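Here is how the chains run, residue by residue.
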Amino acid sequence: SGQSLGYGFVNYIDPKDAEKAINTLNGLRLQTKTIKVSYARPSSASIRDANLYVSGLPKTMIQKELEQLFSQYGRIITSRILIDQVTGASRGVGFIRFDKRIEAEEAIKGLNGQKPPGATEPITVKFANNPSQKTNQAILSQLYHSPNRRYPTPLAQQAQRFRFPPMTIDGMTSLAGINIPGHAGTGWCIFVYNLAPDADESILWQMFGPFGAVTNVKVIRDFNTNKCKGFGFVTMTNYDEAAMAIASLNGYRLGDRVLQVSFKTNKTHK
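Residues numbered from 1 in each chain as written. Predicted model: local features only at pLDDT ≥ 70, side-chain atom pairs only at ≥ 80, totals over all residues. Heavy atoms only, no water.

**Q** So what exactly am I meant to see when it comes to the overall build of the chain here?
**A** A count of helical and extended segments in the chain gives eight helices and 12 strands. The 270 residues of the chain split such that 40% are buried. Taking the intrachain contacts of the chain between residues at least 6 apart in sequence as the baseline, contacts between residues at least 24 apart amount to 62%. Looking at the chain as shown, the accessible area adds up to about 15,800 Å², and 51% of this sits on carbon and sulfur atoms. (Helix = DSSP H or I, 4+ residues; strand = E, 2+ residues; numbered from the N terminus. Buried < 20%, exposed > 50% of the residue type's maximum accessible area, 1.4 Å probe, protein only. Contact = heavy atoms within 4.5 Å. Areas by Shrake-Rupley, 256 points an atom, 1.4 Å probe, with all protein chains shown as cover.)

Structure representation (structure tokens):
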């Protein structure tokens, strides 16, 4: 697709310069992202697919406590808890990346279905890219590598190839209009409809992340079954990136379902 995958590499001649760069830039806030800077490791099978998706966390749990819970199983490379950008409260969902795949496997064995301190319900721990979800992974791979899913400019060219929500291209690209649907002050809210019952936040992160900065995702669940009710929301900071995501994903077939993707309007589910 030509889109950034969110990571890169820098080679230094002097090791001291590399160390200085890590100490200076690791944890730096860039727009809506906090960057991670560390020494690169040679790629090998032992370190691939060591990223875990954790849900059902107590809303009071902070990142340090999350790391303490998982550190017993191995060396943690990165961790984060997803935060509601409006309220600042935890969404009860987090990610843990271990140094090695085997450590991640042990963490799943030890913590999946368990109740951590302060929790009233068991947590779910699984691979962020679950090997059992090959269908979804194949779909996402197809989405971002298919020739007819590349992103030429200007945006008007996309109108000839993709189904849009009921608004004109001119209306979508007019940044001056204060009444443009989806603008919530903290970003552009996108409504995603016709998700499968087993859909979770990770699939939304993976689908929308390549288009630009995503600050928040939310799958609306049935209170009794905890299954997805068929829709969710994604908030992106940049209008053009949000519009491009809508242009590319609206009408896209995810599994056996055709997604409806549009800017959130006042008539959309809250």
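From this point, the narrative continues.
**Q** Could you clarify how one ought to interpret a nonpolar patch on the surface in this entry?
**A** On the surface, a cluster of nonpolar side chains totalling about 460 Å² of accessible area is made up of Leu 5, Tyr 7 and Phe 9. Inspection of the secondary structure assignment puts Leu 5 in the segment before α1 (15–25). Classification of Leu 5 as exposed rests on a relative accessible area of 69%. (Patch = residues over 30% accessible without salt bridge, like charges linked within 9 Å, V, L, I, M, F, W, Y side chains within 5 Å. Salt bridge = Lys/Arg side-chain N within 4 Å of Asp/Glu carboxyl O.)

**Q** Just to check I follow, could you spell out the nonpolar core for this structure?
**A** For soluble globular proteins, the rule of thumb is that nonpolar side chains tend to be buried together. Formed by 33 residues in total, the largest nonpolar core has its most connected members in Ile 190, Val 192, Leu 204, Phe 208, Val 234, Met 236 and Val 261. Of all the secondary-structure elements, those providing two or more residues to this core are β5 (90–98), β7 (188–193), α7 (201–208), β8 (214–221), β9 (228–236), α8 (239–249) and β12 (260–263). The element contributing the most residues to this core is α8, with seven residues. Residues lining this core come from more than one domain, with at least three contributed by each of domain 1 (46–130) and domain 2 (188–263). Setting aside residues up to four positions removed in sequence, Ile 190 forms contacts with Phe 208, Gly 232, Phe 233, Val 234, Met 236, Ala 242, Ile 246, Val 261, Ser 262, Phe 263 and Lys 264. Met 61, Leu 66, Ile 81 and Val 125 belong to the second-largest nonpolar core, a separate cluster that totals 19 residues. (Core = buried A, V, L, I, M, F, W, Y, C linked by side-chain atoms within 4.5 Å. Domains from an automatic or database assignment.)

**Q** Which parts of the structure should I look at to understand the layout of surface pockets?
**A** Rolled over the atoms, a probe with the dimensions of a water molecule shows which regions are left empty. Here the second largest pocket defines a volume of roughly 1,000 Å³. Taken together, 34 residues line the second largest pocket, and the ones lying closest to its centre are Ser 55, Gly 56, Val 93, Arg 221 and Asn 226. Of all the secondary structure elements, the ones that give two or more residues to the lining of the second largest pocket are β3 (51–55), β5, β6 (124–127) and β8. Ranked by the residues each element gives to the lining of the second largest pocket, the list is headed by β8, at five residues. Grouping the constituent residues of the lining of the second largest pocket by class yields 14 nonpolar, nine polar and 11 charged. (1 Å grid on protein atoms, 1.4 Å probe; cavity = no way out; pocket = protein on both sides within 12 Å on 5 of 7 lines; lining within 4 Å. Points joined across faces, edges and corners; volume = space filled by probe spheres on them. Nonpolar A, V, L, I, M, F, W, Y, C, P; charged D, E, K, R; others polar.)

**Q** I would appreciate a short explanation of the packing of aromatic side chains in the present structure.
**A** Given two aromatic rings, their pairing is described by the distance between the two centres and the angle made by the two planes. Throughout the structure, instances matching the rule amount to 10 aromatic pairs. When the centroid spacing of 4.7 Å and the interplanar angle of 65 degrees are considered together, the rings of Trp 188 and Tyr 239 count as edge-to-face. With Trp 188 in strand β7 and Tyr 239 in helix α8, this pair connects stretches of sequence that are 51 residues apart. An aromatic cluster of three or more residues is present, and its members are Phe 191, Tyr 193, Phe 231 and Phe 233. The ring of Trp 205 has Arg 80 sitting right over it, with the charged end atom 5.3 Å from the ring centre. Of note, Arg 101 hangs over the ring of Phe 127, and the distance from its end group to the ring centre comes to 3.8 Å. (Phe/Tyr/Trp six-rings, centres within 6.5 Å; stacked < 30°, edge-to-face > 60°. Lys NZ or Arg CZ within 6 Å of the ring centre and 35° of its normal.)

**Q** Can you help me understand the pairing of β8 in this one?
**A** One face of the sheet, then the other: side chains in a regular strand alternate in exactly this way. Burial of β8 is extensive: six of the eight residues sit out of reach of the surface. Taken together, β8 and the strand that follows it, β9, pair antiparallel across an intervening segment of six residues, in which Asn 226 is found at a positive phi of about 65 degrees. (Pairing = 2+ DSSP bridges.)

**Q** Could you clarify how one ought to interpret the sheet that holds β6 in this entry?
**A** The strands making up a sheet are joined through hydrogen bonds of the backbone, oriented either antiparallel or parallel. Strand order across the open sheet formed by four strands is β4-β5-β3-β6, with antiparallel pairing between neighbours. Where the open sheet ends on each side, the last strands, each with one partner, are β4 (76–83) and β6. Each neighbouring strand pair of the sheet contributes to a mean axis angle of 20 degrees, computed without reference to strand direction. Against the sheet, helix α3 (residues 101–111) makes contact with β3, β5 and β6, and its axis sits at roughly 155 degrees relative to β6, the strand it touches most. (Axes fitted to C-alpha atoms, helices over the stretch in contact; angles between N-to-C directions.)

**Q** Please clarify how the pattern of salt bridges should be interpreted in this entry.
**A** Two side chains carrying opposite charge are able to pair once their charged atoms lie near each other. A full pass over the atoms with the stated rule returns six salt bridges. Where Asp 200 meets Lys 126, a salt bridge forms, and the shortest distance between an N and an O atom there is 2.9 Å. Residue Asp 200 is found in the loop between β7 and α7, and its partner Lys 126 is found in strand β6; the two are separated by 74 residues along the sequence. Judged by its relative accessible area of 8%, Asp 200 falls in the buried class. In the salt-bridge network here, residues are joined through shared partners; they are Arg 75, Asp 99 and Lys 100.

**Q** What should I look at first to understand the sheet that holds β9 in this one?
**A** With antiparallel pairing, the four strands of this open sheet are ordered in space as β8-β9-β7-β12. Both edges of this open sheet fall to β8 and β12, since each of them pairs with a single strand only. The mean inter-strand angle of the sheet, taken between neighbouring strand axes irrespective of direction, is 20 degrees. Direction of pairing for β7 relative to β9: antiparallel, over a ladder of six bridges.

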